[in-house]
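Observations on the three-dimensional arrangement
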Amino acid sequence: MPANKRNGPVAAAAQCRGTSMLEVLITILILSVGMLGLAALQGKAHTSELESYQRGQALVLLQDVASRMEGNMANAASYITAGAGTGASDAGDCTALGTRAAADLCEWSKALKGSSEAKGSTKQGAMIDGRGCVASSGANDYLISVVWQGLGATVAPATGCGQGLYDSEATRRAVTMTFRVPDLWGK
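Residues numbered from 1 in each chain as written. Predicted model: local features only at pLDDT ≥ 70, side-chain atom pairs only at ≥ 80, totals over all residues. Heavy atoms only, no water.

Description of the overall build of the protein
Basically, it comes down to this: Going along the chain from the N terminus, every DSSP run of H or I of four or more residues is numbered as a helix, and every run of E of two or more is numbered as a strand. Surface exposure here means Shrake-Rupley accessible area, sampled with a 1.4 Å probe, where a residue is shielded only by the protein chains that are shown.
Along the backbone of the protein there are 3 helices and 5 strands. Ordered by position from the N terminus, the helices and strands of the protein form the series α-α-α-β-β-β-β-β. With the model as given, the accessible surface of the protein reaches about 11800 Å², and the carbon-plus-sulfur share is 60%.

Spelled out as structure tokens, the structure:
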């Protein structure tokens, strides 16, 4: 019996040696895969945040030109731009342009290009390669569009504004709205 008592703890200690090198390597591998997944998730979140910021900026600029047109309804047709987008002059002083509509389009063009926020000479306050279009869609109806370069591929927008000017149609983003000039006097 005494021999069994001496061998008992020795046998139990031989079975409980701790973790093996293989178990440690497997644990490190699992943690590495998890950390890579977390890094990929962070990258996707950053991309989504930038896309959301750009869409918000586009909506603000869409409403901006609609407000400008609303303030100058008698000359709403003067706001119509070419299909490629704001071809208005980016003159240093937009107020020096001939008409109120030309000045409004000039200011809108500058805002679409990010002139409100600049770092040195780099304009960075708006969407990537932002453009705006105003097209007639009826007697008193105007379709206002803001388009820009998105980061990932999605479905191409239905508007023709800026078509063919971006990496691919699947990366072109757009927001649109219809602006209606009321016919108050039945003309």
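Focus: the sheet that holds strand S4 (residues 141-149)
The following threshold applies: Paired strands, in this sense, are two strands between which DSSP finds at least two bridges. The convention used is that axes are lines fitted to C-alpha atoms, helices contributing only their stretch in contact, and that angles between N-to-C directions extend from 0 to 180 degrees. In what follows, residue pairs with any heavy atoms lying within 4.5 Å of each other are defined as contacts.
With antiparallel pairing, the 3 strands of this open sheet are ordered in space as S3-S4-S5. Single-partner strands in this sheet number two, and they are strand S3 (131-136) and strand S5 (172-180). With direction set aside, neighbouring strand axes in the sheet form an average angle of 20°. With 9 bridges connecting them, S4 and S5 associate as antiparallel partners. Paired with Gln149 across the two strands is Arg172, which belongs to S5. Here helix H2 (residues 21-70) sits on the sheet in contact with S3, S4 and S5, set at roughly 25° to S5. Docked against the sheet, helix H3 (residues 100-112) engages S3 and S4, running at close to 140° with respect to S3.

Structural notes on the pairing of S4
What counts here: Think of it in three bands: residues with accessible area under 20% of the maximum for their type are buried, residues over 50% are exposed, and the middle band is partly exposed, with areas taken using a 1.4 Å probe on protein chains only.
Burial analysis of S4 places 8 of its 9 residues in the buried class, the great majority of the element. Between the antiparallel neighbours S3 and S4 lie 4 residues, among them Gly138 with a positive phi of about 160°.

Focus on the pattern of salt bridges
Worth spelling out the cut-off: Salt bridge, as used here: a side-chain nitrogen of Lys or Arg that lies within 4 Å of a carboxyl oxygen of Asp or Glu.
Summed over the entire model, instances satisfying the criterion amount to 7 salt bridges. Among the ionic pairs, Asp129 bridges to Arg131, the shortest N-O distance being 3.7 Å. The class of Asp129 is partly exposed, set by a relative accessible area of 38%. A salt bridge links Arg172 to Glu169, with the shortest nitrogen-to-oxygen separation between them at 2.7 Å. Owing to a relative accessible area of 1%, Arg172 belongs among the buried residues under this scheme. Sharing partners across several salt bridges, the network here consists of Asp64, Arg68, Arg100 and Asp104.

Looking at the state of the cysteines
Just so we agree on the cut-off: Here, the term disulfide refers to a pair of cysteine sulfur atoms separated by no more than 2.5 Å.
Across all of its chains, the model carries 2 disulfides by this definition. Through a disulfide, Cys94 is tied to Cys106; the S-S separation comes to 2.1 Å. Classification of the bridge connecting Cys94 and Cys106 rests on its S-S torsion, roughly -55°, and on that basis the disulfide is left-handed. Note that Cys94 is positioned in the loop between H2 and H3 and Cys106 in helix H3, a separation of 12 residues in sequence. Of the two residues examined, Cys94 and Cys106, each falls in the buried class.

Quick word on the pairing of S3
Working note: regular strand, side chains alternate between the two faces of the sheet. Note that S3 and S4 share 6 bridges and pair antiparallel. Counted as the bridge partner of Gly132 is Val146 from S4.

Side note on H3
Operational definition: Given the number of residues in a helix, its expected span is that number minus one, multiplied by 1.5 Å.
Between its first and last C-alpha, H3 extends 18 Å over 13 residues, near the 18 Å set by a 1.5 Å rise per residue. Across the 13 residues that make up H3, a large majority, 10, are buried. Elements in contact with the buried residues of H3: H2, S3 and S4. In the segment just after H3, Gly114 is the residue with positive phi, at about 90°.

Points about the packing of H2 against H3
Cut-off, in case you're wondering: Roughly parallel refers to an angle under 35 degrees, roughly antiparallel to one over 145, roughly perpendicular to one between 65 and 115, and oblique to any angle outside these ranges. Classification used: nonpolar for Ala, Val, Leu, Ile, Met, Phe, Trp, Tyr, Cys and Pro, charged for Asp, Glu, Lys and Arg, polar for all others including Gly.
For the pair H2 and H3, interaxial distance at closest approach is 10 Å and the crossing angle is 170°. Relative to H3, the element H2 is oriented roughly antiparallel. The segment H2 lies against H3, with Leu61, Asp64, Val65 and Arg68 engaging Arg100, Asp104, Glu107, Trp108, Ala111 and Leu112. Of the residues that constitute the contact of H2 with H3, the class distribution is 5 nonpolar, no polar and 5 charged.

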